[in-house]
Each structure stands twice: as C-alpha cells, then as structure tokens.
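Spelled out, the chains give:
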Amino acid sequence: MKNRFVSLALLTAVLCGTAQADDAAIKASLKGLGVQHVEILPAPVAGLKTVLTENGVLYTTDDGRYMVQGPLYDVSGKQPVNTTNRLLLDKLNKLEPEMIVYKAAHQKHVITVFTDITCGYCHKLHEQMKEYNDLGITVRYLAFPRQGLESVTEKQMQAIWCVADRNNAFDEAMRGEKVSPATCNTDIARHFELGVQFGVSGTPAIVLENGSMVPGYQPPKEMAAMLDAQKSAQN
C-alpha cells in the first residue's frame, strides 16, 4: 500500500512538472510574438491549451508551436455551443460587484451589456430600461469604451464607475450631462479586456446567461421573446 501511495505521488509530480514545462514553452512562444500577460487554462480538446490574453483568446498546442485565435465550438449537441464564452462566464460573473445593475422586480432573465456612453444604440437601450425591467430582464453593465483605453471616453467611464452612486452617475451621463472626475481602485480596463476576449467589436454587446453573445441593440419585447424561447428550449 505504501508503494502505491509513493507511485501516485510520483505520477502527480511528473504530471505537474509536465504541465509547468508546457506552460513555459507556450509563454516563451507568445513572448516572441510580443504577448506578455497571459493566463493559461486547460482546453476541452486533448493536446491544446486555452490562453487568455489582453487581445483575445488563443488555443495553442502544448509545445506552443501552433496557435489559433477565436472561439471554439462544441457541435456534438443539437445546437453549437461556444465553449470559449462558457469559459469566460466565470470571469464575467466575478466582476459582478463592479457592474452597474438595473434589477427587475420580478426577475426572469439576466443580461450583461458591454456599453459605451458615446454609443447611440447604448443610449436607446438605456432609455428603455423600464421596459426591460418590466419584462423581467435584469440589465448589468460593464464598461467598453470603443475608442480604447486612455481615451477621453475611458476616463469619463472610469469616473462613473468610481462614484458612490454609480447608477445615478451613469443615468446622468446617458442624458448627456457632464461627468465629474473621480478616482478609485476599480479598473475598467478589466471590463474592456474581458470584452475583447468575448469578441466584442461594437456596443452594445449583450452576453446572455449561457455565455452566448448578441451583438447590437435588441428592443425589449424582442429581447424578452428570444430569452423566453431560449429558456424553454433549454428546459
């Protein structure tokens, strides 16, 4: 029995050592491409690793020699499943304390919207917030300044996320009122990076509870009908 435990311990040590060696090879390859900050995770495909970067999601072979960029789909079921977005859902929900949330009184669905205060359709969506809420849709906002980090819009949105009453500050900004400067430990660069990893290229970009993404504005009734149909299909 003792020898068995020793063998298991040795096997575990070998596997951990191999994983660390693989990760080092991947990081070395990416460093050569100018990619510095990465998070390496298992992939659902044997022989591949998932790599989260500031510029999106990569899938790479264990030795770091071959890479592909973009979402990975599982087509084994009735409908294709974006496994990349499913993986990113955990990171999304961990940012919930930083979200600006408009909660429905009788919640049926939750959507997360990457938004920009200078985006016309983002304004249209926000103007209809009561309708979304009345239909049972809770809306959670993350910041995605389309002009990028270090832009004027990014600084304004950073200030909104740093005041005590974020909802009120966001409402005022969406009405075109001036944004007062503010600073705090919240860093909306994390929102932006996650949006890039989800493949956001414009706003509003709406992430559903199953990780799938709806690019662009959806009117309240159409959104509710889509969410209801999706939940019915899942059940």
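Residues numbered from 1 in each chain as written. Predicted model: local features only at pLDDT ≥ 70, side-chain atom pairs only at ≥ 80, totals over all residues. Heavy atoms only, no water.

What follows concerns the nonpolar core. Nonpolar side chains tend to gather and get buried jointly when the protein is soluble and globular. Core analysis: the largest hydrophobic core is formed by 31 residues, its most contacted members being Ile 111, Tyr 141, Ile 160, Trp 161 and Phe 170. Elements with a contribution of two residues or more to this core: strand E7 (100-102), strand E8 (109-115), helix H3 (120-127), helix H4 (129-134), strand E9 (137-143), helix H5 (152-160), helix H6 (166-174) and helix H8 (220-234). If near-sequence neighbours (up to four positions away) are discounted, Ile 111 is found in contact with Ile 137, Thr 138, Val 139, Arg 140, Ile 206, Val 207, Leu 208, Met 223 and Leu 227. With 18 residues, the next largest nonpolar core counts Val 57, Leu 89, Leu 95 and Ala 205 among its residues. (Core = buried A, V, L, I, M, F, W, Y, C linked by side-chain atoms within 4.5 Å. Buried < 20%, exposed > 50% of the residue type's maximum accessible area, 1.4 Å probe, protein only. Helix = DSSP H or I, 4+ residues; strand = E, 2+ residues; numbered from the N terminus. Contact = heavy atoms within 4.5 Å.)

When its domains are assigned, the protein chain resolves into domain 1 (18-76) and domain 2 (90-234). Relative placement of domain 1 and domain 2: their C-alpha centres are 29 Å apart. Summing both sides of the interface, domain 1 and domain 2 together bury roughly 400 Å²; the carbon and sulfur share of this comes to 60%. When residues of domain 1 are sorted by the area they lose upon contact with domain 2, Leu 52, Glu 54 and Val 57 head the list and together hold 62% of the total. At the boundary of domain 1 and domain 2, one finds zero salt bridges. (Domains from an automatic or database assignment. Buried area = accessible area lost by both parts, 1.4 Å probe. Salt bridge = Lys/Arg side-chain N within 4 Å of Asp/Glu carboxyl O.)

This part is about the packing of H3 against H6. A packed helix pair is summarised by two numbers, namely the angle formed by the two axes and the spacing between the axes. Where H3 meets H6, the axes come as close as 10 Å, and the angle between the chain directions of the two elements is 125 degrees. Taken together, H3 and H6 sit at an angle that is classed as oblique. In this structure, H3 meets H6 at a crossing whose hand is left-handed. Where H3 approaches H6, its residues Cys 122, His 123 and His 126 are matched on the opposing element by Phe 170, Asp 171, Ala 173 and Met 174. Here the residues of the contact of H3 with H6 are counted per class, giving four nonpolar, two polar and one charged. (Axes fitted to C-alpha atoms, helices over the stretch in contact; angles between N-to-C directions. Parallel < 35°, antiparallel > 145°, perpendicular 65-115°, else oblique. Left-handed = near helix turned anticlockwise from the far one by under 90°. Nonpolar A, V, L, I, M, F, W, Y, C, P; charged D, E, K, R; others polar.)

With that out of the way, let us pick up the layout of surface pockets. The probe, sized like a water molecule, is rolled over the atoms to show the empty space still left. Estimated volume of the largest pocket: approximately 330 Å³. Lining the largest pocket are 14 residues; nearest its centre among them are Gln 79, Pro 80, Val 81, Arg 86 and Asn 210. Every element with two or more residues in the lining of the largest pocket is listed here: strand E6 (81-82), helix H2 (83-94) and H8. A per-class count over the lining of the largest pocket returns five nonpolar, seven polar and two charged. (1 Å grid on protein atoms, 1.4 Å probe; cavity = no way out; pocket = protein on both sides within 12 Å on 5 of 7 lines; lining within 4 Å. Points joined across faces, edges and corners; volume = space filled by probe spheres on them.)

Three or more residues of H6 are buried, namely Arg 166, Ala 169, Phe 170, Ala 173 and Met 174. Buried residues of H6 fall within an arc of 135 degrees about the axis and therefore sit on the same side. On its buried face, H6 is in contact with E7, E8, H3, E9 and H5. Once H6 finishes, Gly 176 follows within two positions and takes phi at roughly 90 degrees, a positive value. (Arc of directions from axis to C-beta.)

Strand order across the open sheet formed by four strands is E1-E2-E3-E4, with antiparallel pairing between neighbours. In the strand order of this sheet, the two ends are held by strand E1 (38-42) and strand E4 (67-69), each with one partner. Ignoring strand direction, the axes of neighbouring strands in this sheet form an average angle of 25 degrees. Two strands pair when backbone bridges link them, and strand E2 (residues 48-53) and strand E3 (residues 56-61) are joined in this way by six bridges, in the antiparallel orientation. Across the sheet, residue Thr 53 finds its bridge partner in E3, namely Gly 56. Lying on the sheet, H2 is in contact with E1, E2 and E3; it crosses E2 at an angle near 50 degrees. (Pairing = 2+ DSSP bridges.)

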